[in-house]
Amino acid sequence: MITKIKAISNFAVFDNFAWDTSVLDKNGQPLVFSKLNILYGRNYSGKTTLSRIFRALETHLLPEKYDSPQFEVVTENGQSIKQDNLASINLSVRVFNEDFIRANLRFLIDPDSEIAPFAILGADNAETEKAIKDLEVEIGSDIDTHETGLYKKLKELKAAAQKAQKDYSTDFNSLESKLSDKATNKRTGIKYNVNRYGDQNYNIAKIKQEIAVVTASTYTHLSADKKVEYESTILEQEKSDIQSLSIPSLLLNSYCQRASVLLSQQIGASNKIPELLLNVALNDWVKQGANILKGQKICAFCGSPITDERWVVIHAHFDEESKKLESEIDDLVSQINLEKALLHKPLQIDKSTFYTKYCQKIDDYLKTWEEAVQQYCQSLDKIFERLQDRKSQITVPIQFIFPEDNSAILRKAINEFNAIIKENNEFSSKLASAKTVAYKALRLQEVADYCATIEYEKIIKQISILESKHDKANETASTEEETLSIKKQKLQEKRRQLNDEEEGARRVNKYLNDYFGHNFVTLEAEKVTEGEKRIKFKIMRNGKPAYNLSGGECSLISFCYFMAKLDDINTQGTKPIIWIDDPISSLDGNHIYFMYSLIVARIAKTGNFEQLFISTHNLDFLKYLKRLNSYQPNTKNEMKALSKQYFLIEREGKLSKLLKMPNYLARNATEFNYLFSIIYKCSKCENVTDDNYDMLYGFGNSARKFLEMLLYFQFPDDSEELLPKLKRFFKDEEIPPILMDRMFNEDSHGSSPERSLKVDVDPETIPVAKKVIEKLQENKAQFNALLNSIGETPSP
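Structure report, in brief. Please read these numbers as outputs of a predicted model, since none were measured by experiment. Numbering of residues starts from 1 in each chain and follows the order in which that chain's sequence is written. The model is predicted, so local features are restricted to residues of pLDDT at least 70 and side-chain atom pairs to those at 80 or more, both for listing and for counting; the totals for chains, interfaces and linings are taken over all residues. Only hydrogens and water are removed before side-chain values are computed, so all heavy atoms of the structure are retained for them.

Focus on the overall build of the protein
Thinking step 1. Helix numbers and strand numbers start at the N terminus; a helix is a DSSP run of H or I with at least 4 residues, a strand a run of E with at least 2. Each helix and strand in the protein was counted, giving 30 helices and 17 strands.
Thinking step 2. Classification of residues uses two cut-offs on accessible area relative to the type maximum, computed with a 1.4 Å probe and protein chains only: under 20% is buried, over 50% is exposed, and between them is partly exposed. Within the protein, buried positions represent 41% of all 796 residues.
Thinking step 3. Working rule for contacts: check all heavy atoms of both residues, and any pair within 4.5 Å makes them a contact. Look at the contacts in the protein between residues 6 or more apart in sequence, and 72% of them connect residues 24 or more apart.
Thinking step 4. Surface accessibility follows the Shrake-Rupley procedure with a 1.4 Å probe radius. Residue values consider only the protein chains on display as shielding. On the protein, roughly 44600 Å² of surface is accessible, and the fraction owed to carbon and sulfur atoms is 49%.

Regarding unusual backbone geometry
In most cases, non-glycine residues show a negative phi, while peptide bonds are predominantly trans.
Thinking step 1. Phi is positive for Ala 12, close to 55°, though the residue is something other than glycine.
Thinking step 2. With respect to the secondary-structure elements, Ala 12 resides in the loop between strand 1 (2-9) and strand 2 (17-18).
Thinking step 3. One non-glycine residue, Ser 68, adopts positive backbone phi at about 55°.
Thinking step 4. Note that Ser 68 resides in the loop between helix 2 (47-59) and strand 4 (70-75).

Quick look at the sheet that holds strand 17 (residues 655-660)
Thinking step 1. Ordered by their spatial adjacency, six strands build an open sheet running 6-12-13-3-16-17, and the pairing between neighbours is mixed. In this open sheet, the two strands that pair with only one neighbour each are strand 6 (93-96) and strand 17. Within this sheet the neighbouring strands show an average axis-to-axis angle of 15°, counted without direction.
Thinking step 2. Of the strands in this sheet, strand 6 and strand 12 (577-581) touch helix 19 (residues 551-565), which is tilted by about 170° from strand 6. What makes two strands pair is DSSP finding at least two bridges between them. The angle between two axes is taken between their N-to-C directions and runs from 0 to 180 degrees, where each axis is a line fitted to C-alpha atoms and a helix contributes only its stretch in contact.

Topic: the side chain of Ser 702
Thinking step 1. Mapping Ser 702 onto the fold places it in helix 25 (residues 699-714).
Thinking step 2. A relative accessible area of 5% means that Ser 702 is categorised as buried.
Thinking step 3. Those residues within four positions of Ser 702 in sequence are excluded, and the remaining contacts are Leu 675 and Ile 678.

So, the pattern of salt bridges
Thinking step 1. Within this document, salt bridges are pairs made up of a side-chain nitrogen of Lys or Arg and a carboxyl oxygen of Asp or Glu, the two lying within 4 Å of each other. According to the stated counting rule, one finds 34 salt bridges in the structure shown.
Thinking step 2. With its nearest N and O atoms 3.0 Å apart, the salt bridge here joins Lys 206 to Asp 199.
Thinking step 3. A residue is classified by how much of its surface remains accessible, and Asp 199, at 14% relative accessible area, is buried.
Thinking step 4. Between Glu 686 and Lys 770 there is a salt bridge, with the nearest N and O atoms lying 4.0 Å from each other. With Glu 686 in the loop between helix 23 (671-683) and helix 24 (693-697) and Lys 770 in helix 29 (residues 765-776), the pair connects residues that are 84 residues apart, well separated along the chain.

Examining the sheet that holds strand 5 (residues 80-82)
Thinking step 1. Reading across from one edge, 2-1-4-5 is the order of the four strands in this open sheet, with antiparallel pairing throughout. Whereas interior strands pair on both sides, the edge strands pair on one side only; in this sheet they are strand 2 and strand 5.
Thinking step 2. Bridge count between strand 1 and strand 4: six bridges; the pairing is antiparallel. Note that in strand 4 the partner of Ile 8 across the bridge is Phe 71.
Thinking step 3. Along the sheet, helix 2 makes contact with strand 1, strand 4 and strand 5, crossing strand 1 at roughly 110°.

Quick look at the layout of surface pockets
Thinking step 1. Throughout, the protein atoms alone are placed on a 1 Å grid, and a set of points is a cavity if a 1.4 Å probe fits but cannot get out or a pocket if it is open with protein on both sides within 12 Å along at least five of seven lines; lining residues have an atom within 4 Å of a point. Grid points are joined across faces, edges and corners, and a volume is the space filled by probe spheres set on the points. In this structure, the second largest pocket encloses a volume near 1500 Å³.
Thinking step 2. Elements with a contribution of two residues or more to the lining of the second largest pocket: strand 16 (644-652), strand 17, helix 22 (663-668), helix 23, helix 24 and helix 25.
Thinking step 3. Broken down by element, the lining of the second largest pocket gets its largest block of residues, seven residues, from helix 23.
Thinking step 4. Three residue categories are used. Nonpolar comprises Ala, Val, Leu, Ile, Met, Phe, Trp, Tyr, Cys and Pro, charged comprises Asp, Glu, Lys and Arg, and polar comprises the others, including Gly. In terms of residue class, the lining of the second largest pocket is built from 18 nonpolar, 14 polar and 15 charged.

Some remarks on the nonpolar core
Thinking step 1. Core analysis: the largest hydrophobic core is formed by 90 residues, its most contacted members being Ile 580, Leu 628 and Phe 676.
Thinking step 2. Looking at which element gives the most residues to this core, the answer is helix 19, with nine residues.
Thinking step 3. Other than its neighbours up to four places away in sequence, Phe 676 contacts Phe 706, Ile 773, Leu 776, Phe 783, Leu 786, Leu 787 and Ile 790.
Thinking step 4. Here, the term nonpolar core denotes a set of buried Ala, Val, Leu, Ile, Met, Phe, Trp, Tyr and Cys residues that are joined through side-chain atoms within 4.5 Å. Residues Leu 250, Leu 252, Tyr 376 and Ile 383 belong to the second largest nonpolar core, which totals 37 residues.

So, the packing of aromatic side chains
Thinking step 1. Note on ring pairs: Phe, Tyr and Trp rings are taken, using the six-membered ring of Trp, and paired if centres are within 6.5 Å. Classes follow the plane angle, with under 30 degrees stacked, over 60 edge-to-face and the rest tilted. Counted by the stated rule, this structure contains 31 aromatic pairs.
Thinking step 2. Ring centres 6.3 Å apart and planes at 80° place the aromatic pair Tyr 40 and Tyr 674 in the edge-to-face group. With Tyr 40 in strand 3 (residues 36-40) and Tyr 674 in helix 23, this residue pair connects regions lying 634 residues apart in the sequence.
Thinking step 3. Taken together, the ring pairs in this structure connect Trp 19, Phe 33, Phe 54, Trp 579, Phe 613 and Phe 647 into an aromatic cluster.

Some details on the packing of helix 25 against helix 26 (residues 722-730)
Thinking step 1. Running from amino to carboxyl end, helix 25 crosses helix 26 at an angle of 70°, the nearest separation of the two axes being 10 Å. Taken together, helix 25 and helix 26 sit at an angle that is classed as roughly perpendicular. The segment helix 25 lies against helix 26, with Arg 704, Leu 707, Glu 708, Leu 710, Leu 711, Tyr 712 and Gln 714 engaging Leu 722, Lys 725, Leu 726 and Phe 729.
Thinking step 2. Its residues placed into classes, the contact of helix 25 with helix 26 shows seven nonpolar, one polar and three charged. Orientation labels follow simple angle bins: below 35 degrees gives roughly parallel, above 145 gives roughly antiparallel, 65 to 115 gives roughly perpendicular, and whatever is left gives oblique.

Structural notes on the packing of helix 25 against helix 29
Thinking step 1. Where helix 25 meets helix 29, the closest approach of the two axes is 11 Å, and the angle between their N-to-C directions is 20°. Judged by the inter-axis angle, helix 25 sits roughly parallel to helix 29. Here helix 25 runs over helix 29; the crossing is left-handed. Only Thr 765, Val 768, Ala 769, Val 772 and Leu 776 of helix 29 make contact with helix 25, whose side of the interface consists of Phe 699, Phe 706, Leu 707 and Leu 710. The handedness criterion is simple: a crossing whose near helix is rotated anticlockwise from the far helix by less than a right angle is left-handed, and one whose near helix is rotated clockwise is right-handed.

What to know about helix 9 (residues 252-264)
Thinking step 1. Here helix 9 contains 13 residues, and its C-alpha end-to-end distance of 18 Å stays within 8% of the 18 Å for a straight helix at 1.5 Å per residue.
Thinking step 2. Of all the positions in helix 9, only Leu 252, Tyr 255, Cys 256, Ala 259, Leu 262 and Leu 263 are classed as buried. Down the axis of helix 9, the smallest arc covering the buried residues is 135°, so these residues share one side. By definition here, a helix of n residues has an expected span of 1.5 Å times n minus one. Comment: arc refers to directions from the helix axis out to C-beta atoms.

Topic: the side chain of Ser 683
Thinking step 1. Secondary-structure assignment places Ser 683 in helix 23.
Thinking step 2. Judged by relative accessible area, Ser 683 falls into the buried class, the value being 7%.
Thinking step 3. By the criterion applied in these results, polar contacts are pairs of N or O atoms within 3.5 Å in which, for protein atoms, one can donate a hydrogen and the other can accept it, and in which residues neighboring in sequence qualify only through two side-chain atoms. Polar side-chain contacts of Ser 683 include one of 2.6 Å to the backbone oxygen of Tyr 680.
Thinking step 4. The residues contacting Ser 683, other than those within four sequence positions of it, are Ala 769, Lys 770 and Ile 773.

Details of helix 19
Thinking step 1. For helix 19, built from 15 residues, the straight-helix expectation of 21 Å at 1.5 Å per residue is met to within 8% by its first-to-last C-alpha distance of 21 Å.
Thinking step 2. With respect to burial, helix 19 is a largely interior element, 13 of its 15 residues being buried.

See the structure below:
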């Protein structure tokens, strides 16, 4: 289950959105998604953008035409899903939005396109169905704590493997801890007794190497006299000799010669595609497409045929001569990058091994070395840039300009440092080698004594036994998991034998007729016999192909298609996460209720889902969704209502955010309450800002609709015109009714070219909002009730 959309950036109207600072309860604590989630947002607030995040989880692909979108979705087990790890996600997700329609019902957008067919298990092959049922029983269920069949057996084997792993890890980690403590403990470890053992870089890896030495039959323990001798030796103060640095191989001159040849090499352009020679980006795009679609007859991008003649032209454009030159350029670039990487590696210089008088010289040298490497790599970069220029225009020779050869500077720097090393070594006496021998001998004896103390060989034998048990348990579990996978593949194969695309079309028509009473337009499955046998779907009206569908018909067909597709072979047997994005576009009120009924009957009541998300901009539909409930058995097999959460998608200026839905929307969900909240918020504004611009710009429409509803019930005997009712509402005040009537009419209609071109907010907007609120306050009881309905606290 998904718990939250932790962050969204650079994704349409969402940028720098952070769940933990936005989606909060009344105590300021972050909320999480429930099993049922209702989201409300006005048009253009970002509902479809959120659905596209979930669609990406379904398709493992980012939506097109977004520039580097970023998001992070978190699951209940702590898994983090981001835009760059979609391919590794294993969630069953089904999303209904405009992208789903575009991908599956292209006919609704382009009459020359088709509707993608889908298959539902048929019901005619009794033998195959019996095999399916037998496999389903053998495989069993993978419901947590209620596993059966192979799933249960696999769970038990994995539990045994985990226990064996735990037993092995416990003993192994215990030994590792002991060895690490002996190697690096700040009080007793070998590393921190450098004056006795001579290795301030000692670690667990080194103690393991030396354990191998002292446990071998060839090792001889130190005698008492020899131990005293070595202890005296290490008290001497001379420093150990330091090895000189070797001069690296610097191949800049060789790279220049090779680059000059590659850049000047002539490539024939007679068989090239002119458009691609003039457009580098297009050339790269076609090249990638040619590699992806190699051998294909149909273009996966546009669906058009790719003729053999066209393949000949494409192969001629990307000929062997060009590929060979590109390969040689790539090889030279790789060698240049390798040399840069080697030069950029830090020099392994330990100042503690030098005498103090040479430390400053070492610091000065390191700066000189870094500057020399930088200059040399700049020359390499110039070669790299020219090679990249040639690769992007492979048929056009390029003149090569030889960069400055800085190799001598690097060689000089190495020689200077080696001179420092030589000077330092000559400062030492011949005690260095004797100290090295003494340190090692004392250290090995300490390691040997420690192994005897902890009974190292006995522990190793026990760990080996536990490791063998773990490997065997893990192998058994892996074998069983492979068996389960084979059985599941066999089950899918059996199900494919019963695939019935015609049943998919019948299911769509059943929903259209049973829930919407709409039998004028139907979906029919048609067998295509040209080429490979397949099925395609067609929309028919009165026995003929239906074109020019109304917006309502498109909405009904696409949603019924989605609902039926939840039973296709790719979804059957799973409990998907379902996201339904604003499904009631272009529908009248009666169809809105039937849409809700279909969701209740085919999703909520069946409980065949992991999580359900429904977004809408329609307050009537939101009112129905408040009644939506689903019941599923708990661990005691008792039917319990699933948790439900309400969210608001709110746009402020150019950006949107996700919030906890206010109580007045979650409880009441009426347009009257909502419009009052807009007027109340406008009355609290002092000036126009990016955050309140959208709300203030639409104030005329909101105020007009609110006052029409309010005054209809207050003055039901008046005419249908708003102005007379406003005059009665404001009594002796003459100016406010006239001003408001003018504002409402002008702001609600594009009555003139000047109004149509206007994008600013009327200066009267905020004063008028304050005036309406001031007038409403005269009826204190009603005003306080309105405040309560939108979650505001009335004044005393």
